[in-house]
Amino acid sequence: AYWRGDEKRAMLQRIYGTAWESKEQLVEYQRRTAEAKRRDHRVLGKKLNLFSIQQEAGGGLVFWHPKGAGIRRRIEDYWKDVHVEAGYELLYTPHVANLDLWKTSGHFDFYKDGMFDQMSVEDEQYQIKPMNCPFHVLVYKDQGLRSYRELPLRWAELGTVYRYERSGTLHGLMRVRGFTQDDAHIFCAVQQIGSEVLGVLQLISDVYAIFGMTFSLCLSTRPETKIGDDALWDRAESALEEALNAFGQPWKFNKGDGAFYGPKIDVRVYDALERPFQCATVQLDFNLPDRFDLSYQGQGTEAKDGLTASSSPAERDMAEKGRLRPVMIHRAVLGSVERMIAILTEHYAGKWPLWLSPRQCVVVPVTKAQLEYAEELRQIYHAAGFHVDVDTSLDKLPKMILKAQKQQYNYILVVGQTEVVARTVNVRMRTGRELGERTISDFMAHISAEKAAHGVGYATEESAEPDAAEPKPKPEQKPKAPKPKAEAKAEAKPEPEPTA
């Protein structure tokens with residue numbers, strides 16, 4: 001906190017105050033504040049060795065350590081898979097471009113303060129990219145005149161961008177200077193807006209259900225200063241409203257808060273502490289297609305039929321040739337990969353589900369005699385795509401188990417001479433709950449199924465079912481059967497913290 005927001009001025013001390021209607025509300029606020037502090041991703045990131053910000057390299061630039069890079073890779077692999085399944089094609093675009101591109105797009109005029117300085121290359125000015133949008137526009141233009149038969153085009157990219165942020169505003173992974181957007185752009189006809197937006201909302205819902213998070217929706221409508229005629233805005237807002245109604249989740253209006261280039265749907269995500277985060281977004285854009293003169297060949301006379309009294313001369317000229325402007329939909333599901341990993345770290349309190357976990361299994365040999373078998377197990381499970389370590393410290397068994405619990409390994413595989421002879425593993429969860437002796441293949445089947453299901457329907461950290469090897473029915477498919485009183489009572493009892 002600096003005087004007047006200038007880092008060159010004196011640093012100030014912020015003072016926060018709260019007021020509550022009852023003591024119970026105050027106690028709940030204090031509990032959540034303490035829990036948020038315990039879950040701080042900066043603390044957990046260092047404790048679990050996930051990432052670092054190296055001041056020698058510069059503030060706001062993230063270094064992913066092996067464990068954190070493993071989490072990121074799994075999230076990105078999942079993101080690519082669900083997008084390909086949803087009909088998207090993946091793009092890769094450059095990190096810099098000629099400054100003229102950013103002037104054409106309008107970013108240089110509207111966002112210059114958030115961009116890094118330009119660099120000179122052979123007497124031309126180049127700009128490190130703050131956004132991915134103009135690059136996708138250039139891909140659209142590269143193939144010449146497109147046809148209505150090609151639309152919609154859905155292109156997605158995990159594109160790393162760079163934005164200038166004051167040093168006083170930087171905050172762990174939440175606010176950085178270099179980050180990767182899960183960017184996607186849909187080029188479509190006006191009449192396709194509704195169905196495309198509905199598809200995006202369903203994708204957002206599917207992804208956040210996997211993460212165990214909820215979200216709320218808000219439709220932001222036209223601001224006072226805007227581009228495009230009212231007829232186009234009416235049609236676009238109606239399409240978004242119809243998509244929201246068809247989606248079936250409650251939503252609200254946020255009148256006048258749309259972007260100047262089009263209306264948008266704001267998606268607010270809630271974590272385990274019910275804190276809101278602005279991550280996903282769906283934005284319609286009439287601006288970039290116009291700035292870059294994008295068009296497609298329409299069907300029959302639809303171009304002329306769509307003209308209104310407020311249509312521009314350029315639009316009338318296009319209509320004479322049977323051409324129309326596509327609508328560009330900007331959308332993100334995660335927002336920033338870095339910020340989403342920060343949110344998920346705090347959401348899970350560092351206890352990552354198996355499919356994302358940087359420490360999925362650790363083999364703990366009781367004595368030196370089991371080291372060879374422990375390494376064999378590591379290789380078997382590693383070959384199947386799991387991250388498995390071997391504790392070679394040969395400390396006392398309780399100490400090794402406690403260390404594995406603190407490092408948040410999902411499964412701890414204890415092997416003594418009995419397991420070597422029987423070729424089994426003795427399995428326990430990081431909560432201390434013992435699953436007992438399993439054959440190598442049985443345990444492989446269990447973790448493979450859990451990983452494939454992204455943990456949905458499997459025993460959680462708090463569950464107390466006697467057999468965690470079998471998945472529970474998914475809540476949305478089948479209601480859970482009532483549990484016996486004794487079991488319900490056992491489940492209500494909190495797990496004790498691991499102790500030495």
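Owing to the predicted nature of the structure, the values given are computational and were not obtained by experimental measurement.

1. Describing the packing of helix H7 (residues 193-211) against helix H8 (residues 230-247)
At step 1: Taken N-terminus to C-terminus, the directions of H7 and H8 make an angle of 40°; their axes are 8 Å apart at the nearest point. Considered as vectors, H7 and H8 are oriented oblique to each other. Note on packing geometry: the crossing formed by H7 with H8 is right-handed. Counted together, Ile193, Gly194, Val197, Leu198, Leu201, Gln202 and Ser205 of H7 and Ala236, Ala239, Leu240, Ala243, Leu244, Ala246 and Phe247 of H8 form the full contact between these two elements.

2. Looking at the sheet that holds strand E16 (residues 327-336)
Backbone-to-backbone hydrogen bonds pair the strands of a sheet. The strands run either parallel or antiparallel.
At step 1: Pairing within the open sheet is mixed, and its eight strands lie in the order E3-E8-E9-E16-E13-E12-E10-E11. Taken across any chain shown, the strands that pair with only one partner, and hence form the sheet edges, are strand E3 (89-90) and strand E11 (251-254).
At step 2: Here strand E10 (residues 214-220) runs beside strand E12 (residues 264-270); their pairing, made up of seven bridges, is antiparallel. The residue of E12 that forms the bridge with Thr214 is Tyr270.

3. Quick look at the sheet that holds strand E19 (residues 411-415)
At step 1: Read from one edge to the other, the open sheet built from five strands follows the order E18-E17-E19-E20-E21, with strand pairing classed as mixed. Where the open sheet ends on each side, the last strands, each with one partner, are strand E18 (388-390) and strand E21 (434-439). Direction aside, neighbouring strands of the sheet carry axes that sit 25° apart on average.
At step 2: Pairing analysis gives four bridges linking E19 to strand E20 (residues 424-429), with the strands arranged antiparallel. Paired with Ile412 across the bridge in E20 is Arg428.
At step 3: Running over the sheet, helix H14 (residues 397-406) touches strand E17 (361-365), E19 and E20 and is turned about 160° from E19.

4. Details of the pattern of salt bridges
At step 1: Applying the stated criterion to the full structure yields 29 salt bridges.
At step 2: Note that Glu28 and Arg31 form a salt bridge whose closest N and O atoms lie 2.9 Å from each other. A residue pair is termed a helical-turn pair when its members lie 3 or 4 positions apart in one helix, as Glu28 and Arg31 do in helix H1 (residues 23-38) at three residues.
At step 3: One continuous salt-bridge network, built from bridges that share partners, spans Arg222, Lys226, Asp230, Asp234 and Glu237.

5. Re a negative patch on the surface
At step 1: Together, Asp100, Glu122, Asp123 and Glu124 make up a region of like negative charge exposed at the surface.
At step 2: A relative accessible area of 80% means that Asp123 is categorised as exposed.

6. A look at the environment of Phe277
At step 1: Note on placement: Phe277 falls in strand E13 (residues 276-285).
At step 2: On the basis of relative accessibility, which here comes to 10%, the residue Phe277 falls in the buried class.
At step 3: Residues Phe277 and Trp251, spaced 26 residues apart in sequence, show a C-alpha to C-alpha distance of 16 Å.

7. Side note on unusual backbone geometry
At step 1: Here the residue pair Leu151 and Pro152 is connected by a cis peptide bond, since its omega of 0° sits within 30 degrees of zero.
At step 2: Its place among the elements puts Pro152 in the loop between strand E7 (146-147) and strand E8 (153-162).
At step 3: A positive phi angle, near 50°, is found at Glu122, a position not held by glycine.
At step 4: Relative to the helices and strands, Glu122 is located in the loop between strand E5 (119-121) and strand E6 (124-128).

8. What to know about the environment of Tyr409
At step 1: Mapped onto the elements, Tyr409 comes out in the loop between H14 and E19.
At step 2: Overall, the relative accessible area of 6% leaves Tyr409 in the buried class.
At step 3: The sequence separation of Tyr409 and His387 amounts to 22 residues, and the corresponding C-alpha distance is 9.9 Å.
At step 4: Excluding residues that lie within four positions of it along the chain, Tyr409 makes contacts with Arg359, Gln360, Cys361, Val362, Asp389, Ala404 and Arg430.

9. Quick word on the side chain of Ser295
At step 1: With respect to the element layout, Ser295 can be found in the loop between helix H9 (287-291) and strand E14 (296-297).
At step 2: Overall, the relative accessible area of 14% leaves Ser295 in the buried class.
At step 3: Dropping the residues within four chain positions of it, Ser295 is found in contact with Tyr140, Leu145, Arg146, Met318, Arg323, Leu324 and Pro326.

The rules behind the values
Residues numbered from 1 in each chain as written. Predicted model: local features only at pLDDT ≥ 70, side-chain atom pairs only at ≥ 80, totals over all residues. Heavy atoms only, no water. Axes fitted to C-alpha atoms, helices over the stretch in contact; angles between N-to-C directions. Helix = DSSP H or I, 4+ residues; strand = E, 2+ residues; numbered from the N terminus. Parallel < 35°, antiparallel > 145°, perpendicular 65-115°, else oblique. Left-handed = near helix turned anticlockwise from the far one by under 90°. Contact = heavy atoms within 4.5 Å. Pairing = 2+ DSSP bridges. Salt bridge = Lys/Arg side-chain N within 4 Å of Asp/Glu carboxyl O. Patch = residues over 30% accessible without salt bridge, like charges linked within 9 Å, V, L, I, M, F, W, Y side chains within 5 Å. Areas by Shrake-Rupley, 256 points an atom, 1.4 Å probe, with all protein chains shown as cover. Lys, Arg positive; Asp, Glu negative; His and termini not counted. Charge placed at Lys NZ, Arg CZ, Asp CG, Glu CD. Buried < 20%, exposed > 50% of the residue type's maximum accessible area, 1.4 Å probe, protein only.

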